[in-house]
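Chain by chain, the residues:
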Amino acid sequence: MKLYSYFRSSAAYRVRIALNLKGIEAEQEPVHLLRPEPLPAYRQAHNPQGLVPAIETGEDGLIPQSIAIIEYVEERFPQPALLPKGLAERAYVRAAALLIACDIHPLANLRVLRYLKRELGQEQPAIDTWYRHWVEDGLGRLEAYVTAQGRSGRFLFGDGPTMADCCLVPQLFNARRLECDLAGMPTLVAIDARCQELEAFRKAHPSVQPDAE
Ligand SMILES: N[C@@H](CCC(=O)N[C@@H](CS)C(=O)NCC(=O)O)C(=O)O
């Protein structure tokens, strides 16, 4: 398998963690997101959505979208499982993952921030305020959800990592990079620290990727 990735992409970071947890060795093909190339060529030749990550699976073709990729590897390589067994528990894990992937990330990703700057003429301090507002708002909702559900343990669900942790760690990495206030999220911060103890998470960190700058 080949993973189209960018070291700092949090969506690609999710997939790198999931692949590592599964013990899947994927060749990485970096797609630099800040240079004029190779994004247009990548879009033309491989992924019409024009975003990273995407995975070239061979027999099942190219799959874009981090959550679709994680669900694909979960179904193709069920062990170790990234989703719990019970129906309600699986829904809980998916709800936590999707809160990050659907409610937080799209408001704070590169093209949205660029649009605020270029098309709407916003200055960097206003853009940073936007970023912090939506990330802190979303993570606050996740903290409240996880606490209310009472299903977390060492990880977001119980004592083993799931798809939800694959999403949490990259989002917290980005939140810290942009100096978000995480004081109101002690559960998430503690779980993130436990994830960092695992090799699968450490190997997926942006700083150790082949295209890290
Ligand atoms: N929902 C997508 C989001 C993918 C996405 O926005 N990726 C970003 C990097 S984190 C990207 O490729 N940005 C390029 C751009 O915005 O032009 C997923 O989960 O894979």
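Quantities reported herein were computed from a predicted structural model and do not represent experimental measurements.

Colleague: Where do I start with the overall build of the protein chain in this structure?
Modeller: Check the secondary structure of the protein chain and you find nine helices and four strands. Counting from the amino terminus, helix and strand elements in the protein chain follow one another as β-α-β-α-β-β-α-α-α-α-α-α-α. Rg of the C-alpha trace for the protein chain: 17 Å, near the compact-globule value of 17 Å for 213 residues, within the 12% margin. Its C-alpha atoms put the protein chain at 45 × 45 × 30 Å along the principal axes. Split into buried and exposed, the 213 residues of the protein chain put 44% on the buried side.

Colleague: Explain the site of the ligand here, please?
Modeller: The environment of the ligand is made up of 14 residues, and the closest members are Ser9, Val52, Gln65, Ser66 and Arg111. Take Ser66: an N or O atom from its side chain is 2.6 Å from an oxygen atom of the ligand. In the complex, 88% of the free accessible area of the ligand, which totals 510 Å², lies under the protein chains. When contributions to the shell around the ligand are tallied by element, the ones reaching two or more residues are helix H1 (10-22) and helix H5 (110-118). The leading source of residues in the shell around the ligand is H1, at three residues. Looking at side-chain class alone, the shell around the ligand contains six nonpolar, six polar and two charged residues.

Colleague: Help me understand the pairing of strand E1 (residues 2-5), please; the structure alone is not making it clear to me.
Modeller: Each regular strand carries side chains that alternate between the two faces of the sheet. Bridge count for E1 against strand E2 (residues 27-30) is four bridges, and the pairing is parallel. For Lys2, the partnering residue across the bridge sits in E2 and is Glu27. In this structure, E1 lies alongside strand E3 (residues 54-56), joined through three bridges in antiparallel fashion. Along E3, the bridge assignment pairs Tyr4 with Ala54.

Colleague: Even after reading the chapter, I still don't get the environment of His32, so can you show me in this structure?
Modeller: Position of His32 relative to the elements: it lies in the loop between E2 and helix H2 (39-45). C-alpha separation for the pair His32 and Val112, spaced 80 residues apart in sequence, amounts to 17 Å. Once residues lying within four places of it in the same chain are set aside, the contact partners of His32 are Tyr6, Glu37, Pro38, Leu39 and Glu213. Separated by 3.1 Å, the side chain of His32 and the backbone nitrogen of Leu34 make a polar contact. Within the structure, the side chain of His32 is placed 2.6 Å from the side chain of Glu213, a separation counted as a polar contact.

Colleague: How should helix H7 (residues 163-177) be read in this particular structure?
Modeller: One turn of an α-helix holds 3.6 residues; hence residues three or four places apart share an orientation. Its 15 residues give H7 an end-to-end C-alpha distance of 22 Å, which sits within 8% of 21 Å, the value for a rise of 1.5 Å per residue. Among the residues of H7, Met163, Ala164, Asp165, Cys166, Cys167, Leu168, Val169, Pro170, Gln171, Leu172, Asn174 and Ala175 are the ones counted as buried. Just downstream of H7, Glu179 is the residue with a positive phi angle, here 55°.

Colleague: How should the nonpolar core be read in this particular structure?
Modeller: General note: in soluble globular proteins, nonpolar side chains tend to be found buried as a group. Judged by nonpolar contacts, the single largest core of 54 residues is most densely connected at Ile17, Val135, Leu139, Leu142, Leu168 and Leu188. Going through the elements one at a time, H1, helix H3 (66-76), helix H4 (87-104), H5, helix H6 (124-149), H7, helix H8 (186-195) and helix H9 (199-202) are the ones with two or more residues in this core. Excluding anything up to four places from it in sequence, Leu188 contacts Leu139, Leu142, Glu143, Val146, Leu156, Leu168 and Leu172. Counting eight residues, the second-largest nonpolar core is a separate cluster that includes Tyr4, Tyr6, Leu33 and Val52.

Colleague: Honestly, the side chain of Gln209 in this entry has me stumped. Any pointers?
Modeller: Tracing the chain through its elements places Gln209 in the segment after H9. In this structure Gln209 comes out as buried when scored by relative accessible area, which is 7%. A polar contact of 2.9 Å, which involves the side chain of Gln209, links it to the backbone oxygen of Lys203. Among the polar contacts listed, one links the side chain of Gln209 to the backbone oxygen of His205, at a separation of 2.8 Å.

Colleague: Which parts of the structure should I look at to understand unusual backbone geometry?
Modeller: Note: most residues except glycine have negative phi, and most peptide bonds are trans. Residue Pro53 follows Val52 across a cis peptide bond; omega there is 10°. Inspection of the secondary structure puts Pro53 in the loop between H2 and E3. You will see that Gln65, though not glycine, has its phi angle at about 75°, which is positive. The residue Gln65 is located in the loop between strand E4 (62-64) and H3 in this model. The class for Gln65 is partly exposed, based on a relative accessible area of 44%. Look at Glu179: it is not a glycine, yet its phi comes out positive at around 55°.

About the cut-offs
Residues numbered from 1 in each chain as written. Predicted model: local features only at pLDDT ≥ 70, side-chain atom pairs only at ≥ 80, totals over all residues. Heavy atoms only, no water. Helix = DSSP H or I, 4+ residues; strand = E, 2+ residues; numbered from the N terminus. Rg over C-alpha atoms; globule rule 2.2 N^0.38 Å. Buried < 20%, exposed > 50% of the residue type's maximum accessible area, 1.4 Å probe, protein only. Near = heavy atom within 4 Å. Polar contact = N/O pair within 3.5 Å; in protein donor to acceptor, adjacent residues only side chain to side chain. Areas by Shrake-Rupley, 256 points an atom, 1.4 Å probe, with all protein chains shown as cover. Nonpolar A, V, L, I, M, F, W, Y, C, P; charged D, E, K, R; others polar. Pairing = 2+ DSSP bridges. Contact = heavy atoms within 4.5 Å. Expected span 1.5 Å × (residues − 1). Core = buried A, V, L, I, M, F, W, Y, C linked by side-chain atoms within 4.5 Å.

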